[in-house]
Amino acid sequence: MPGLRIVVAVTGASGAVYPLRLLERLRRTGAEIHLVLSRAGEKTLFLETGRKAAELKALAHHCWPMEDISAPLASGSFRTDGMVVAPCSIHTLSAIAWGISSNLIVRAADVTLKERRRLILMVRESPFHLGHLRAMTAVAEMGGIIAPPIPGFYNQPSTIEDLVDSSVDRVLDLLGLADEDVRRWSGPPSAAGRDRVVSNNPAVSNNKDQSSADASDPESDECADDSD
Ligand SMILES: Cc1cc2nc3c(=O)[nH]c(=O)nc-3n(C[C@H](O)[C@H](O)[C@H](O)COP(=O)(O)O)c2cc1C
């Protein structure tokens, strides 16, 4: 069976590490990757990682200029299996929310929504004002998925890579492309089975030293001073 065809757009929000990791992991799934990089995305990629656009593009199978609104992605007749904007700036979020399809990223996102395909926006800003929240609401009401890169800590991340993967895992899940590295919560480790499986990858361990605290026993977490 041929791999899925996924569109990845990279905009100028902070978090250029996310598309790097997402593309690395998408490639392993056999997905056909179509990449569009905004100018601001190219700038933040360099500012945050020192990488050039060519290095990101090397991870994709097809790269389309942001200005090329005649690219296949601009038409609903070009079949795709979903689109991720990683990271997604407020600028691009707002343009998608209000249908201002003046570049290929926004047009491809609009096409994804109108064709009822999966659109995942890794929106990155903090704090949000009401306009940001309204734009996210508008996209969600149209069927888009707002998936900000907010890491979970239940798998005990110890590196920045762990934190990044925490968000990339969920995006791969949303695309139906979870790989064997995806970590999952399977309940608290018990005294008998501290190795509750959260990853099939032996290199990824959530079983950090838990000898000093039994996570299955909330009663063991007593206050240091409860004399008064
Ligand atoms: C280092 C840096 C970090 C930025 N971080 C964010 C951010 O987290 N969220 C955001 O919405 N915009 C951020 N911006 C601003 C966007 O790059 C800017 O609004 C740009 O016009 C977005 O254009 P695009 O959506 O076409 O990529 C950042 C800019 C720079 C230079």
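Residues numbered from 1 in each chain as written. Predicted model: local features only at pLDDT ≥ 70, side-chain atom pairs only at ≥ 80, totals over all residues.

## Here's the deal with the overall build of the protein
At step 1: In terms of helices and strands, the protein carries seven helices and six strands.
At step 2: Put simply, the protein runs from its N terminus to its C terminus through helices and strands in the order β-α-β-α-α-β-β-α-α-β-α-β-α.
At step 3: Among the 228 residues that make up the protein, the fraction classed as buried is 36%.
At step 4: Long-range contacts, defined as pairs at least 24 residues apart, comprise 72% of the intrachain contacts of the protein with a sequence gap of at least 6. (Helix = DSSP H or I, 4+ residues; strand = E, 2+ residues; numbered from the N terminus. Buried ≥ 20, exposed ≤ 12 C-beta atoms within 10 Å, placed from the backbone. Contact = placed C-beta atoms within 7 Å.)

## A look at the site of the ligand
At step 1: Residues in contact with the ligand amount to 16 residues; listed here are only the nearest, T11, G12, A13, S38 and A40.
At step 2: Looking at the shell around the ligand, the elements with two or more residues in it are α2 (39–49) and α4 (90–97).
At step 3: Considering each element in turn, the shell around the ligand owes the most residues, five residues, to α2.
At step 4: Broken down by class, the residue content of the shell around the ligand amounts to four nonpolar, nine polar and three charged. (Near = placed C-beta within 6 Å. Nonpolar A, V, L, I, M, F, W, Y, C, P; charged D, E, K, R; others polar.)

## So, the sheet that holds strand β4 (residues 83–88)
At step 1: Taken together, the six strands give an open sheet; going across it, the order is β3-β2-β1-β4-β5-β6, and neighbouring strands pair in parallel fashion. Edge strands, defined here as strands with exactly one partner in the open sheet, are β3 (62–64) and β6 (145–146).
At step 2: Here strand β1 (residues 5–10) runs beside strand β2 (residues 32–37); their pairing, made up of six bridges, is parallel. Note that in β2 the partner of V7 across the bridge is H34.
At step 3: Across the sheet, helix α5 (residues 104–114) is in contact with β1, β2, β3, β4 and β5 (119–123); its angle to β4 comes to roughly 135°. (Pairing = 2+ DSSP bridges. Axes fitted to C-alpha atoms, helices over the stretch in contact; angles between N-to-C directions.)

## Some details on the confidence of the model for the protein
If pLDDT is low for a region, its predicted coordinates should not be looked at in detail.
At step 1: Overall, the predicted model of the protein reaches an average pLDDT of 88, with 82% of residues at or above 70.
At step 2: When the criterion is pLDDT under 50, residues 200–215 qualifies, and its contacts beyond four places in sequence or with other chains add up to 22 contacts. (pLDDT = per-residue confidence, 0-100.)

## Comments concerning the packing of α4 against helix α6 (residues 130–141)
At step 1: At a minimum axis separation of 9 Å, α4 and α6 run at an interaxial angle of 50°. Accordingly, the angle class assigned to the pair α4 and α6 is oblique. For the element pair α4 and α6, the recorded crossing hand is left-handed. Of the residues in α6, those touching α4 at I90, L93, S94, I96 and A97 are H132, A135, M136, A138 and V139.
At step 2: Of the residues contributing to the contact of α4 with α6, the split by class is eight nonpolar, two polar and no charged. (Parallel < 35°, antiparallel > 145°, perpendicular 65-115°, else oblique. Left-handed = near helix turned anticlockwise from the far one by under 90°.)

## Concerning α4
At step 1: In terms of burial, α4 is largely enclosed, as six of its eight residues are buried.
At step 2: Inspection of α4 places I90, T92, L93, A95, I96 and A97 among the buried residues, and these make up the whole buried set.
At step 3: Of the residues flanking the end of α4, it is G99, one or two places downstream, whose phi is positive at about 70°.

## Regarding the pairing of β4
At step 1: By the criterion of burial, β4 is predominantly enclosed, with six of the six residues buried.
At step 2: As defined by bridge partners, β1 adjoins β4 across three bridges and the pair is classed as parallel. By the bridge assignment for β4, V8 is matched with V84.
At step 3: As judged from the four bridges shared by β4 and β5, these two strands associate in the parallel manner. In the strand pairing of β5, V85 is matched with L121.

## Regarding unusual backbone geometry
At step 1: Residue A86 is joined to P87 through a cis peptide bond whose omega torsion reads -10°.
At step 2: Mapped onto the secondary structure, P87 falls in strand β4.
At step 3: Here the amide bond leading from S126 into P127 is cis, since omega sits at -5°, within 30 degrees of zero.
At step 4: Inspection of the secondary structure assignment puts P127 in the loop between β5 and α6.

## Topic: α5
At step 1: The buried fraction of α5 amounts to eight of the 11 residues, a majority that puts the element mostly inside the structure.
At step 2: By the burial criterion, the buried members of α5 are L104, I105, V106, R107, A108, A109, V111 and T112.
At step 3: Considering only its buried residues, α5 is in contact with β1, β2, β3, β4, α4 and β5.
At step 4: Looking one or two places after α5, you find R116, whose phi comes out positive at around 60°.

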